[in-house]
Amino acid sequence: MGLMNDHENRVRLLIDEDVLSGEYIGCHPCVCTSSLKIRTSDITERFLPAVRHDFTLVRLSGED
């Protein structure tokens with residue numbers, strides 16, 4: 001959610017392929033006392049375009 005404060009696009013968002021394949025993503029809305037459960041598609045199709053950011057898909061698991 002902090003990407004909404006990155007107006008100069010200095011932050012590069014990396015999303016693990018296992019996280020991206022899930023229906024929901026859990027995150028903190030820049031408030032440590034709260035958590036959000038958001039549909040992954042809403043993050044990639046609505047939130048990221050609204051804050052003018054993209055993401056890079058990565059693979060963090062050690063399995064091939």
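This text goes with the structure placed above it.
**Student:** Which residues make up the nonpolar core, and what are the values?
**Tutor:** Counting 9 residues, the largest nonpolar core is built from Met1, Leu3, Ile25, Cys27, Ile38, Ile43, Phe47, Leu48 and Val51. Listing elements by their share of this core, those giving two or more residues are strand S2 (24-27) and helix H2 (40-50). For this core, the leading source of residues is H2, giving 3 residues. Residues contacting Val51, with those up to four places away along its chain left out, are Leu3 and Met4.

**Student:** Can you lay out H2 for me, pointing to particular residues and giving the numbers?
**Tutor:** In an α-helix there are 3.6 residues to a turn, and that puts residues three or four apart on one side. For H2, the full list of buried residues reads Thr40, Ile43, Phe47 and Leu48. Seen along its axis, H2 keeps its buried residues to an arc of 90°; they face one direction. For H2, exposure combined with an orientation more than 90 degrees from the buried face picks out Glu45, Arg46 and Ala50. Check the buried side of H2 and you find it contacts strand S1 (13-16), helix H1 (17-20), S2, strand S3 (36-39) and strand S4 (55-58).

The rules we used
- Residues numbered from 1 in each chain as written.
- Predicted model: local features only at pLDDT ≥ 70, side-chain atom pairs only at ≥ 80, totals over all residues.
- Heavy atoms only, no water.
- Core = buried A, V, L, I, M, F, W, Y, C linked by side-chain atoms within 4.5 Å.
- Buried < 20%, exposed > 50% of the residue type's maximum accessible area, 1.4 Å probe, protein only.
- Helix = DSSP H or I, 4+ residues; strand = E, 2+ residues; numbered from the N terminus.
- Contact = heavy atoms within 4.5 Å.
- Arc of directions from axis to C-beta.

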